[in-house]
Amino acid sequence: MSDVTSVVLNILEFLSYAFIFAIGIAVLWVVVIYFRDKTQTESTLRRNYPVVARFRYFFEHMGEFFRQYFFAQDREEMPFNRAERSWVYRAAKNVDSTVAFGSSRDLRPTGTVYFVNCPFPTLEQDAEDPSTVTVGPSARSPYTTASVFNISGMSYGAISVPAVRALSAGAKKAGIWINTGEGGLSPYHLESGADIVFQIGTGKFGVRKPDGGFDEDKLRTVARHDAVKMFEIKLSQGAKPGKGGILPGAKVTEDIAAIRGLEVGQDAISPNRHPEINNVGDLLDMIDYVRNVTGKPTGFKAVIGAYGFFESLCEEILKRGPESAPDFITIDSADGGTGAAPMSLIDNMGMPLRESLPLTVDILKKYGLRDRVKICASGKMINPSEVAWAFCAGADFVNSARGFMFALGCIQALQCNKNTCPTGITTHDPKLQFGLDPASKSERVASYAMNMKKEVGIIAHSCGVAEPRLLKRYHARIVLDNGRSVSMDDLYQEPTPVSAAE
């Protein structure tokens, strides 16, 4: 017993000395920092409040993580509030997504969208699966799919290997497509056999020559993969129209550098537009070139700004013939997401989807091209209400990136551009990637997509139609600034065909 007592006393004595030593170091640190803050001239706060002012930066940093848990209300946060994120988390986990007592959504603000229920809603036995849509019927390899909600462009580089693997496997399970983003086609996109849309960014990563421009052999090689169903030429992105993609050098690993044709650690900054495209004729020429080389449906992605562009595009298509038209157009919203963008663009540039989607659909109708050109809607649509609205407005498909990031476990820590993502999604730090298990997360990706299809279907059935693609503008109403609402059908009236207008 005495030996045990002696050991315990020795341990306690050591711990007491260690504690005193630690206190001494802390005091010494405070003294050094005090004089350092008091004598520096860069920060007024640290000069006036030495030591104490340093805690401001710590709390400011930690606020990014804890604000959503302790201070923000369910409908307060941006870009996505707790209520929106919570639905995605529940859908991805495939758990009960019902709520009790009443809605916390305020239906009074101007611009609020709600749907009009039918007195005789669609019976369960009369409900139908989403109808199939064929994109590029005149291409050598048209693409036919019934998917309504797909994975938008997130490049390997902007997101991690485990994230790509989970998204790809989840897309396969749910029967939806995954867009590669502008970073090229990686082996991880191909592993599961999911349908793939290959995006050609302004840097043409994956299909470029070392000095720029298309490498036709690389383009054909990508097209030979059966999984690659379509090609999307990216003109602009909602979060940064007029600015090319930005992948910080810290994220350019050896693997990414090989796929993109860069040097390890080199910033991947794409041009702010395709140098070959100076007008709508050049755009149609590039679409025709890619479609002829690959044999696959080809379209483009753009955030809408100067909408006269679409009028000019349609006029040029009619001159050349409908076969010259893009097979699809992806319309991105000004409030779309990104891994890194200048605040001046992300906050101020471009047209929100609520305005640009109906406008684009109507212009295509005006020129008799709506059936020829399919429409994908993209940008901040992560819940069933936004997706249902897009179908009412005239979309054929809806794409989401951030919704599927939430399905992977994203907590909106806003660290996407720093290689420090705590959930392993947008980082290439192996320690942070360790927590993201592709097998389990792929199940969540699939569940999210399937529950989205299910709940958009529920909205459609309540409106009295059998499936989402039958939703029309008269099924939705929008609140005006006088507090009253108006049908979308009245707000966006059927355009006069261009032949009649002339």
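Computed from a predicted model, the values in this text were never measured in an experiment.

**Comments concerning a nonpolar patch on the surface**
Residues V4, V7, V8, L9, I11, L12, F14 and L15 make up a contiguous nonpolar surface patch of roughly 770 Å² in combined accessible area. In this fold, F14 is placed in helix α1 (residues 2–39). Look at F14 and you get exposed, because its relative accessible area is 58%.

**Regarding the state of the cysteines**
Enumeration according to the criterion identifies 0 disulfides in this entry. The thiol of C118 is unpaired, and the distance to the nearest cysteine sulfur, on C463, comes to 8.4 Å. The thiol of C376 is unpaired, and the distance to the nearest cysteine sulfur, on C314, comes to 16 Å. With relative accessibility at 1%, the residue C376 sits in the buried group.

**Quick word on helix α5 (residues 161–174)**
Given 3.6 residues per helical turn, the α-helix brings residues three or four places apart onto the same face. For α5, built from 14 residues, the straight-helix expectation of 20 Å at 1.5 Å per residue is met to within 8% by its first-to-last C-alpha distance of 20 Å. Within α5, 11 of the 14 residues are buried, leaving the element largely enclosed by the surrounding structure. Of the residues making up α5, those classed as buried are V161, P162, A163, V164, A166, L167, S168, A169, G170, A171 and A174. Packing partners of the buried residues in α5 comprise β4 (149–151), β5 (177–179), α6 (187–190), α14 (402–408), α15 (430–433) and α16 (438–463). Positive backbone phi, at 75°, marks G175, one or two positions downstream of α5.

**Overview of the packing of aromatic side chains**
This structure, assessed with the given rule, holds 14 aromatic pairs. Ring centres 5.6 Å apart and planes at 55° place the aromatic pair F198 and F231 in the tilted group. With F198 in strand β6 (residues 195–200) and F231 in strand β7 (residues 228–234), this residue pair connects regions lying 33 residues apart in the sequence. We note that F198, like F231, is buried. When the centroid spacing of 5.5 Å and the interplanar angle of 45° are considered together, the rings of F214 and Y289 count as tilted. Residue F214 is found in the loop between β6 and α7 (216–224), and its partner Y289 is found in helix α9 (residues 280–294); the two are separated by 75 residues along the sequence.

**Quick notes on unusual backbone geometry**
A negative phi angle characterises most non-glycine residues, just as the trans form characterises most peptide bonds. At V51, a residue that is not glycine, the phi angle is positive and equals roughly 70°. Here V51 is to be found in the loop between α2 (44–48) and α3 (54–70). Exposure remark for V51: the relative accessible area of 12% places this residue in the buried category. Even without being glycine, N94 reaches a positive phi, approximately 60°. Mapped onto the elements, N94 comes out in the loop between α4 (82–93) and β1 (113–115). With relative accessibility at 53%, the residue N94 sits in the exposed group.

**Notes on the pattern of salt bridges**
Taken as a whole and assessed by the stated rule, the structure comprises 14 salt bridges. Close ionic contact of E443 with K173 constitutes a salt bridge, the shortest N to O distance being 2.8 Å. Taken together, the residues span a long stretch of sequence, with E443 in helix α16 and K173 in helix α5 at a distance of 270 residues. We classify E443 as partly exposed; its relative accessible area is 44%. The residue E216 makes a salt bridge to R220 at a minimum N-O spacing of 2.6 Å. Here E216 pairs with R220, and both are found in helix α7, just 4 residues apart, close to one helical turn. Overall, the relative accessible area of 33% leaves R220 in the partly exposed class. In the salt-bridge network here, residues are joined through shared partners; they are D285, E316 and R320.

**Thoughts on the pairing of β7**
Of all 7 residues that make up β7, 6 are buried, and the element is covered over most of its length. With α7 bridging β6 and its parallel neighbour β7, the resulting β-α-β unit is right-handed. In terms of strand pairing, β7 meets strand β10 (residues 298–303) through 4 bridges, oriented parallel. By the bridge assignment, I233 is partnered in β10 with F300.

**Description of the sheet that holds strand β15 (residues 485–487)**
Two strands in a sheet stick together by hydrogen bonds in their backbones, pointing the same way (parallel) or opposite ways (antiparallel). One open sheet holds the 3 strands; their spatial order is β1-β14-β15, and the pairing between them is antiparallel. Each edge of the open sheet is held by one strand with a lone partner, namely β1 and β15. Mean inter-strand twist for the sheet, computed between neighbouring axes without regard to direction, equals 30°. Sheet strands in contact with helix α13 (residues 384–393) are β1 and β14 (476–479), and its direction is about 80° off that of β1.

Calculation rules
- Residues numbered from 1 in each chain as written.
- Predicted model: local features only at pLDDT ≥ 70, side-chain atom pairs only at ≥ 80, totals over all residues.
- Heavy atoms only, no water.
- Patch = residues over 30% accessible without salt bridge, like charges linked within 9 Å, V, L, I, M, F, W, Y side chains within 5 Å.
- Areas by Shrake-Rupley, 256 points an atom, 1.4 Å probe, with all protein chains shown as cover.
- Salt bridge = Lys/Arg side-chain N within 4 Å of Asp/Glu carboxyl O.
- Helix = DSSP H or I, 4+ residues; strand = E, 2+ residues; numbered from the N terminus.
- Buried < 20%, exposed > 50% of the residue type's maximum accessible area, 1.4 Å probe, protein only.
- Disulfide = S-S within 2.5 Å.
- Expected span 1.5 Å × (residues − 1).
- Contact = heavy atoms within 4.5 Å.
- Phe/Tyr/Trp six-rings, centres within 6.5 Å; stacked < 30°, edge-to-face > 60°.
- Right-handed = clockwise from strand over helix to strand, strands pointing away.
- Pairing = 2+ DSSP bridges.
- Axes fitted to C-alpha atoms, helices over the stretch in contact; angles between N-to-C directions.

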